[in-house]
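Observations on the model geometry
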Amino acid sequence: MAPTEETTEKPLDFIRQIVTEDKKSGKHPTPVTRFPPEPNGFLHIGHAKSICLNFGIASEFNGPCHLRFDDTNPSKEEDAYVKSIQEDVKWLGFDWGDNLFYASDYFDKLYDFAVELIKKEKAFVCDLTADEMREYRGTLTEPGKESPYQNRSIEENLELFQGMKDGKFEEGSHVLRARIDMASPNLNMRDPIIYRIMNVHHHRTGNKWCIYPMYDYTHCLSDSLENITHSLCTLEFADHRPMYDWVLDVLETPSHPQQIEFARLNLSYTVMSKRKLMQLVRDNLVSGWDDPRMLTISGLRRRGYTPKSIRDFCKEIGIGKRDSWIDMGVLENAVRNDLNVIAPRVMGVLDPLKVVITNYPKDTVEDIIAKNHPQNPDMGTRTLPFSREIFIERTDFLENAPKKFFRLDIGREVRLRYAYFITCVSVVKDETTGKILELHCTYDPETHGGNAPDGRKVKGTIHWVSAAQSLSCEIRMYDRLFNVENPDEDKDVDFKEHLNPQSLTSLTNCLVEPSLENLKPGSSVQFERQGYFCLDSKDSRPGKLVFNRTVGLRDSWAKRKK
RNA sequence: UGGGGCGUAGCCAAGCGGUUAAGGCACCAGGUUUUGAUCCUGGCAUGCGGAGGUUCGAAUCCUCCCGCCCCAGCCA
């Protein structure tokens, strides 16, 4: 390939560079990655970044990517979440093949490893209470104190640990701890807890266990048991890497994967943590995990985002180690780009204003041919009914409009898309309120199809629907969920205070062209001059259509008005 | 005032000692257009957190300083 042809390729991020080098050096001829969610909530756009990274590397280097559920804390986890997570990963377009794993699959092995640790005098059972433990841990600047239980004999530790497993002790009375260094400047190395007693039913192992391993102990071993080569996680785990390596160095394990950290995604005007998303759901501030305003994968799906748009977005933002804030506009731009190519164009009127074409014959309904996509003839055409009474957008008429207003005013001529030129003659108003009830216009029969034989031009082309044949529907308009860039910023103010009360506006008098009658729920269309909309997959019914606005079109006119 | 991570444009982000510091978003100015959409063209960092130093040559190496993020769960 000529060098010039390579210039469009996106440069490798630092993780792909490492993977590339490991392949070249023969250290890891094919990488094995994993996406390891805890099944304690729904996946969100932040997870998509990790999914695209892990599955993306796998497919680029022809290696597998495992889906592994990090289910070591049964008090928060549910089977419903594992289902939704699998659905979302698949929907995003990724495939883990046979490589579906659960940390809970390794509970037996993990227990045996813990016994090995005890036998090597690298772990001990500790009876300190949680409060005492905190005191003994020390602070950021002061070293901790060694546990009075740290010198128990191997035999005693073995017996106590067995007792923990057998349910002989109360929750909180004992934990198993790694024996490392209470004076370590890294708090994670101050004899961290690796097992705790929890009398909780586990969604997969039921009541078999009453002790559960901690993340730091489990994750590295799970990675090793699955022969993961590159264990990718977010920056806040960098401090845990010494522990990750310690466990794998002390124990006889199949492999020693490399943990690499990257920056998590921050998006403006939203919150990302599962805990906060959960609050919004629980407090009924949104309609559920899949509320179209939520940046969960299921919310985005219902909003009309395509898998490709989310993948493109993740590619666009890149992988690095700086704390970065991505503007919502970047996400919106990603859907627009995809939908612009694939969404059929149709006409829909959000706020209808009646127009009577006074010189058009009364009982005539005419077929108008319209393109389904202006740049893609392969998408074909459709016919639109046209008649004497139509509806246009209320915002497409303005009395005493400025010169630059390319729409309707008394005496002005516009083109009805694909149909005729019309000229506004008069306005009918409600005598008491002054509200505009309808417009009287005339059409030029010579302009059929939208072109004037005399070559005269009109600046504006507006969308319309035929009054008698249009379908009424509901359209839900969405705005950002929060009205500040970072709802988490002020620790003294609850993030819910920043909720945008206008985040959902339901328009119930909308009218769309009749071709939409049998549209499949979930499909996307562009309402010309308005934006991209998708038929809601939950609430839409035949005869009672409900659309979600995915995103508006770029609108330089609206910008100019400001 | 412990440890770890990070500072390149309004927002992301390449750059890995050697021509005028990629690219995208945003923004601005034109052009095409039966969507004020799309598309196309051009503009947009004498500058890489700051100050010194090394070098013929520094965003890249060294020193000091400044700023931001993370860590004291029996969460992940």
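Residues numbered from 1 in each chain as written. Chains lettered and ligands numbered in written order. Predicted model: local features only at pLDDT ≥ 70, side-chain atom pairs only at ≥ 80, totals over all residues. Heavy atoms only, no water.

Some remarks on the overall build of chain A
Across its full length, chain A carries 13 helices and 27 strands. Computed over its C-alpha atoms, the radius of gyration of chain A comes to 31 Å, more than 25% above the 24 Å expected for a compact globule of 562 residues. Dimensions of chain A, computed from the C-alpha atoms along their principal axes, are close to 100 × 65 × 40 Å. For chain A, buried positions account for 52% of its 562 residues. Pairs at least 24 apart in sequence give 71% of the contacts found in chain A among residues at least 6 apart. Summing over all exposed atoms, chain A offers an accessible surface of approximately 26900 Å²; the carbon and sulfur share of this is 48%. Both charge centroids of chain A, one from 76 positive and one from 86 negative side chains, sit 5 Å from each other. (Helix = DSSP H or I, 4+ residues; strand = E, 2+ residues; numbered from the N terminus. Rg over C-alpha atoms; globule rule 2.2 N^0.38 Å. Buried < 20%, exposed > 50% of the residue type's maximum accessible area, 1.4 Å probe, protein only. Contact = heavy atoms within 4.5 Å. Areas by Shrake-Rupley, 256 points an atom, 1.4 Å probe, with all protein chains shown as cover. Lys, Arg positive; Asp, Glu negative; His and termini not counted. Charge placed at Lys NZ, Arg CZ, Asp CG, Glu CD.)

Focus on the protein's contact with RNA strand B
Residues in contact with RNA strand B amount to 67 residues; listed here are only the nearest, Arg-345, Arg-417, Gly-449, Gln-526 and Arg-554. A distance of 2.8 Å separates a base nitrogen of RNA strand B from a polar atom in the side chain of Arg-407. Between RNA strand B and the protein, one listed contact pairs a base oxygen with a backbone N or O atom of Gly-450 at 3.0 Å. Taken together, the elements giving at least two residues each to the surface near RNA strand B come down to helix H5 (130–137), strand E6 (193–197), helix H11 (307–317), strand E11 (324–326), helix H12 (328–342) and helix H13 (556–561). For the surface near RNA strand B, the element with the highest residue contribution is H5, accounting for 4 residues. Across the surface near RNA strand B, the residue classes tally to 26 nonpolar, 18 polar and 23 charged. (Near = heavy atom within 4 Å. Polar contact = N/O pair within 3.5 Å; in protein donor to acceptor, adjacent residues only side chain to side chain. Nonpolar A, V, L, I, M, F, W, Y, C, P; charged D, E, K, R; others polar.)

Re the packing of helix H1 (residues 14–25) against helix H2 (residues 45–60)
Contact geometry of H1 with H2 gives a least axis separation of 11 Å together with a crossing angle of 35°. The handedness of the crossing between H1 and H2 is right-handed. Residues Ile-15, Arg-16 and Val-19 of H1 pack against Leu-53, Gly-56, Ile-57 and Glu-60 of H2. For the contact of H1 with H2, the per-class residue count stands at 4 nonpolar, 1 polar and 2 charged. (Axes fitted to C-alpha atoms, helices over the stretch in contact; angles between N-to-C directions. Left-handed = near helix turned anticlockwise from the far one by under 90°.)

As for the sheet that holds strand E2 (residues 65–69)
Strand order in the open sheet made by the 3 strands is E1-E2-E3, with parallel pairing throughout. Looking at the sheet topology across the chains shown, the edges are occupied by strand E1 (33–35) and strand E3 (100–102). Strand-to-strand twist across the sheet, computed as the mean angle between neighbouring axes with direction ignored, equals 35°. Here 3 bridges tie E1 to E2, and the two strands are oriented parallel to one another. Counted as the bridge partner of Thr-33 is Cys-65 from E2. Together, E1, E2 and E3 form the strand contacts of helix H3 (residues 79–91), whose direction differs from that of E2 by roughly 160°. (Pairing = 2+ DSSP bridges.)

Focus on the nonpolar core
Counting residues in hydrophobic clusters, the biggest one holds 38 residues, and the most contacted among them are Ile-45, Val-89, Leu-267 and Phe-313. Of all the secondary structure elements, the ones that give two or more residues to this core are H2, E2, H3, strand E10 (265–267), helix H10 (297–303), H11 and H12. In terms of residues, this core owes the most to one element, H2, which gives 6 residues. Formed by 34 residues, the second largest nonpolar core is a distinct cluster that contains Ile-194, Ile-211, Leu-221 and Trp-246. (Core = buried A, V, L, I, M, F, W, Y, C linked by side-chain atoms within 4.5 Å.)

Focus: a negative patch on the surface
Taken together, the side chains of Asp-327, Glu-485, Glu-489, Asp-490 and Asp-492 define an acidic patch exposed on the protein surface. Its location among the elements puts Glu-489 in the loop between strand E23 (471–478) and strand E24 (504–512). (Patch = residues over 30% accessible without salt bridge, like charges linked within 9 Å, V, L, I, M, F, W, Y side chains within 5 Å. Salt bridge = Lys/Arg side-chain N within 4 Å of Asp/Glu carboxyl O.)

Quick notes on the confidence of the model for chain A
Mean pLDDT over chain A: 95, with 98% of residues reaching 70 or higher. Here residues 1–7 is a poorly scored stretch, pLDDT under 50, and it has 1 contact once near neighbours within four places are set aside; other chains count. Predicted complex metrics record ipTM = 0.95 and pTM = 0.95. (pLDDT = per-residue confidence, 0-100.)

Observations regarding the sheet that holds strand E4 (residues 123–126)
Across the sheet, 4 strands lie side by side as E4-E5-E6-E7; this open sheet has antiparallel pairing. The sheet is open, and its two edges are formed by E4 and strand E7 (211–213), each paired on a single side. Between one strand and the next, the sheet's axes are offset by a mean angle of 20°, whatever the strand orientation. Both E6 and E7 contribute to a ladder of 3 bridges, which runs antiparallel. Considered in E7, the bridge of Ile-197 is made with Ile-211. Relative to E4, helix H6 (residues 154–165) is tilted by about 60°, and along the sheet it contacts E4, strand E5 (175–178), E6 and E7.

Looking at the packing of H11 against H12
Contact geometry for H11 and H12: axes closest at 8 Å, N-to-C directions at 130°. Viewed along their axes, H11 and H12 adopt a mutual orientation that is oblique. Considering how the two elements wind past one another, H11 and H12 form a crossing that is right-handed. Of H12, the residues touching H11 (which contributes Lys-308, Ser-309, Phe-313, Glu-316 and Ile-317) are Val-330, Leu-331, Ala-334, Val-335 and Asp-338. Residues belonging to the contact of H11 with H12 are distributed by class as follows: 6 nonpolar, 1 polar and 3 charged. (Parallel < 35°, antiparallel > 145°, perpendicular 65-115°, else oblique.)

Here's the deal with the environment of Ser-387
You can see Ser-387 is positioned in the loop between strand E16 (381–386) and strand E17 (389–393). Ser-387 gets classed as buried once you look at its relative accessible area, which sits at 8%. Sequence spacing of Ser-387 and Ala-467 is 80 residues, and the spatial spacing of their C-alpha atoms is 7.6 Å. Sequence-distant contacts of Ser-387, that is, excluding residues within four places in its chain, are made with Ile-357, Tyr-360, Thr-364, Ser-466, Ala-467 and Gln-469.

Section: the pattern of salt bridges
A complete count under the given rule lists 38 salt bridges for this structure. Across the pair Asp-88 and Arg-301 runs a salt bridge, and its minimum N-O distance is 2.9 Å. One end of the pair, Asp-88, is in helix H3; the other, Arg-301, is in helix H10, and 213 residues separate them in sequence. Shared partners join several salt bridges into a network, and the residues in it are Asp-290, Arg-302, Glu-474, Arg-476, Asp-536, Lys-538, Asp-539 and Lys-544.

What about unusual backbone geometry?
Positive phi is not limited to glycine here, since Tyr-269 has a value of about 60°. In this fold, Tyr-269 is placed in the loop between E10 and helix H9 (274–282). For Tyr-269, a relative accessible area of 18% puts it in the buried group. With phi around 70°, Tyr-418 is a residue other than glycine that occupies positive phi space. Mapped onto the elements of the fold, Tyr-418 is located in the loop between strand E18 (413–416) and strand E19 (421–429).

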